[in-house]
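Working through the structure, step by step
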Amino acid sequence: MMIIAPILVGFVYVVLMSLIHEPHRRRFNAVMVAGAGAAYLSGGGLGIWEFAFTAVVTYVAYRGLESWTFIGIAWLLHTGWDVVHHLKGAPIIPFAEHSSFGCAICDPVIAIWCFAGGRSVTDFVRARVGSRRSTDRAAWPLGRSMRTYVL
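None of the values given here were measured: they were computed from a predicted structure.

1. Topic: the overall build of the protein
From N to C terminus, the protein includes seven helices and zero strands. Listing each helix as α and each strand as β along the protein from the N terminus yields α-α-α-α-α-α-α. Here the protein, with 151 residues, has 34% of them falling under the buried criterion. The long-range share in the protein, meaning contacts at least 24 apart out of those at least 6 apart in sequence, stands at 66%. As displayed, the protein has an accessible area near 9,200 Å², and 72% of this comes from carbon and sulfur atoms.

This is the structure we're talking about:
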């Protein structure tokens, strides 16, 4: 469950982000990953390096305002930082021992979606369902769907 749950969280994130229309979706995700890059600042587990990492992720996220690729890179940078924190024993959520591990599993799911262009999965599903309905209508007389005849 320590692996499945973070993957599901990544998928839920992608679906929820898909509800935001472009170009707002890309810009919103750039802001989200910039915030994620600063998530470890309050814990200070790696001292001054926390500030250096936050500066790097902020720059990459800034570039992500215009590029899904940079947003994906920022999520992968955050994945690496999650791994370092997990190994050091300084989790992102202090009272949840494996929170950095879970975050390191979740972030690449989001990064893959970003590298694919951050396309709306909800639009994809609607298009697929819509194409099935149009095929269903064409198969029945007068262009009505089967539901018309059943009801």
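2. A short note on the packing of aromatic side chains
In this description, an aromatic ring pair is defined by two values, namely the gap between the centres and the angle between the planes. This model, assessed by the stated rule, comprises three aromatic pairs. With a centroid separation of 4.5 Å and 5 degrees between ring planes, the pair formed by Phe53 and Trp81 is classed as stacked. Remark: Trp81 occurs in helix α4 (residues 68–88) and Phe53 occurs in helix α3 (residues 48–64); sequence separation between them is 28 residues. Both residues of the pair, Phe53 and Trp81, belong to the buried class. Ring plane angle 70 degrees and centroid distance 5.2 Å describe the contact between Trp68 and Trp113, whose orientation is recorded as edge-to-face.

3. Here we look at α4
Note that an α-helix has 3.6 residues per turn; residues three or four places apart therefore point the same way. Over its 21 residues, α4 extends 30 Å from the first C-alpha to the last, a length consistent with the 30 Å expected when each residue adds 1.5 Å. Taken residue by residue, α4 has Trp68, Ile71, Gly72, Ala74, Trp75, His78, Thr79, Trp81, Asp82 and His85 as its buried positions. Taken together, the buried residues of α4 touch α1 (4–18), α2 (24–37), α3 and α5 (99–115). Measuring from the backbone nitrogen of Thr69 back to the side-chain oxygen at the start of α4 gives 3.3 Å, which picks out Ser67 as the cap. Immediately beyond the C-terminal end of α4, within one or two residues, lies Gly89, with a positive phi of roughly 85 degrees.

4. Focus on the side chain of Thr122
Topologically, Thr122 is positioned in helix α6 (residues 121–139). Given a relative accessible area of 15%, Thr122 falls into the buried group. At a separation of 3.4 Å, a polar atom in the side chain of Thr122 contacts the main-chain carbonyl oxygen of Ser18.

5. Points about the packing of α2 against α4
It is the contact of α2 with α4, at a shortest axis distance of 10 Å, that shows an interaxial angle of 20 degrees. Taken as axis vectors, α2 and α4 run roughly parallel relative to one another. Here the hand of the crossing between α2 and α4 comes out left-handed. Only Trp68, Ile71, Ala74, Trp75 and His78 of α4 make contact with α2, whose side of the interface consists of Arg25, Arg26, Asn29, Ala30, Val33, Ala36 and Gly37.

6. Regarding the pattern of salt bridges
Applying the stated criterion across every chain yields a total of four salt bridges. Across the salt bridge formed by Arg26 and Glu66, the nearest N and O atoms sit 3.7 Å from each other. Of this pair, Arg26 sits in helix α2 while Glu66 is found in the loop between α3 and α4, placing the two residues 40 residues apart along the sequence. A relative accessible area of 13% means that Arg26 is categorised as buried. The class for Glu66 is exposed, based on a relative accessible area of 58%.

Thresholds applied
Residues numbered from 1 in each chain as written. Predicted model: local features only at pLDDT ≥ 70, side-chain atom pairs only at ≥ 80, totals over all residues. Heavy atoms only, no water. Helix = DSSP H or I, 4+ residues; strand = E, 2+ residues; numbered from the N terminus. Buried < 20%, exposed > 50% of the residue type's maximum accessible area, 1.4 Å probe, protein only. Contact = heavy atoms within 4.5 Å. Areas by Shrake-Rupley, 256 points an atom, 1.4 Å probe, with all protein chains shown as cover. Phe/Tyr/Trp six-rings, centres within 6.5 Å; stacked < 30°, edge-to-face > 60°. Expected span 1.5 Å × (residues − 1). Polar contact = N/O pair within 3.5 Å; in protein donor to acceptor, adjacent residues only side chain to side chain. Axes fitted to C-alpha atoms, helices over the stretch in contact; angles between N-to-C directions. Parallel < 35°, antiparallel > 145°, perpendicular 65-115°, else oblique. Left-handed = near helix turned anticlockwise from the far one by under 90°. Salt bridge = Lys/Arg side-chain N within 4 Å of Asp/Glu carboxyl O.

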